[in-house]
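One-letter residues, chain by chain:
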Amino acid sequence: MTSSEKSYKVLVVEDNKLNQMIIMNKLKNNNHLVDVANNGEEGVKLHEKNKYDFILMDIMMPVMDGYDATKNIRKSKKNNNIPIIAITANVLDHDKNRCLASGMNAYLSKPFDFNELKEILATLGFFI
Ligand SMILES: [Mg+2]
């Protein structure tokens, strides 16, 4: 079994239904297991409940945004060093810095490009 055939358990935290579907379908087509949270608060709860390999995190979401969700996950007693990749429409440098400052490992701007995600995940040791 090569690393690219490994199946990961992924948490996608994203409020936009279309983006949820696009990300989920691409990951599922590559044999990964995906849970979707509709906002940061749901994402934090799912992280507490289940064990994921990495998290894809939108920034702008109702209830709890991606920055606060990431901070909460980093404070968690469980799997708090899980890789978190921001996926956001924000492209400004200060948004990127804020992502990293809140504890995210990497940053990917929307529109979503699966090859870019593959490259970023490879730098974190995941070959999807
Ligand atoms: Mg959003």
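Residue positions are given per chain, counting from 1 as you read along its sequence in written order. Where local features are concerned, this predicted model is filtered to residues with pLDDT of at least 70; where side-chain atom pairs are given and counted, the filter is 80 or more; whole-chain, interface and lining totals use all residues.

1. A closer look at the overall build of the protein chain
The cut-off we apply is this: Strands are runs of DSSP state E lasting at least two residues, helices are runs of H or I lasting at least four, and both sets are numbered from the N terminus onward. Each radius of gyration is computed over the set of C-alpha atoms, and the globule rule expresses the reference value as 2.2 Å times the number of residues to the power 0.38. Each residue is classified by how many other C-beta atoms fall within 10 Å of its C-beta atom, where C-beta atoms are placed from the backbone; a count of 20 or more means buried, 12 or fewer means exposed, and values in between mean partly exposed. By definition, residues are in contact whenever their C-beta atoms, placed on the basis of the backbone, come within 7 Å of each other.
Along the protein chain, the regular secondary structure elements total five helices and five strands. Taken against the 2.2 N^0.38 rule, which gives 14 Å for 128 residues, the C-alpha radius of gyration of the protein chain at 13 Å falls within 12% of a compact globule. Dimensions of the protein chain, computed from C-alpha atoms along their principal axes, come out at roughly 40 × 30 × 25 Å. Across the 128 residues that make up the protein chain, the buried fraction comes to 31%. Pairs at least 24 apart in sequence give 59% of the contacts found in the protein chain among residues at least 6 apart.

2. As for the environment of arginine 98
With respect to the element layout, arginine 98 can be found in helix H4 (residues 93-101). C-alpha separation for the pair arginine 98 and tyrosine 67, spaced 31 residues apart in sequence, amounts to 7.7 Å.

3. Observations regarding the sheet that holds strand S5 (residues 106-109)
The cut-off we apply is this: Two strands are said to pair when DSSP picks up at least two bridges between them. Lines fitted to the C-alpha atoms define the axes, with helices restricted to the stretch that makes contact. Angles between their N-to-C directions range from 0 to 180 degrees.
If you walk across this open sheet you meet the five strands as S2-S1-S3-S4-S5, and the pairing is parallel. Unpaired on one side and paired on the other, strand S2 (33-37) and S5 mark the two borders of the sheet. Across the sheet, the mean angle separating the axes of adjacent strands is 20° when strand polarity is ignored. Judged from the four bridges that link them, strand S4 (residues 84-88) and S5 form a sheet pairing that is parallel. Within S5, the residue paired with threonine 88 across the bridge is serine 109.

4. Considering unusual backbone geometry
We note that asparagine 31 has phi near 70°; this positive angle belongs to a residue other than glycine. Examined against the element boundaries, asparagine 31 turns out to sit in the loop between helix H1 (17-29) and S2. Look at asparagine 31 and you get exposed, because 12 C-beta atoms sit within 10 Å. In this structure, asparagine 79 takes a positive phi of about 45° despite not being glycine. Relative to the assigned elements, asparagine 79 resides in the loop between helix H3 (66-75) and S4.

5. Describing the environment of asparagine 79
Owing to 14 C-beta atoms within 10 Å, asparagine 79 belongs among the partly exposed residues under this scheme. Separated by 25 residues in the primary sequence, asparagine 79 and methionine 104 place their C-alpha atoms 14 Å from one another.

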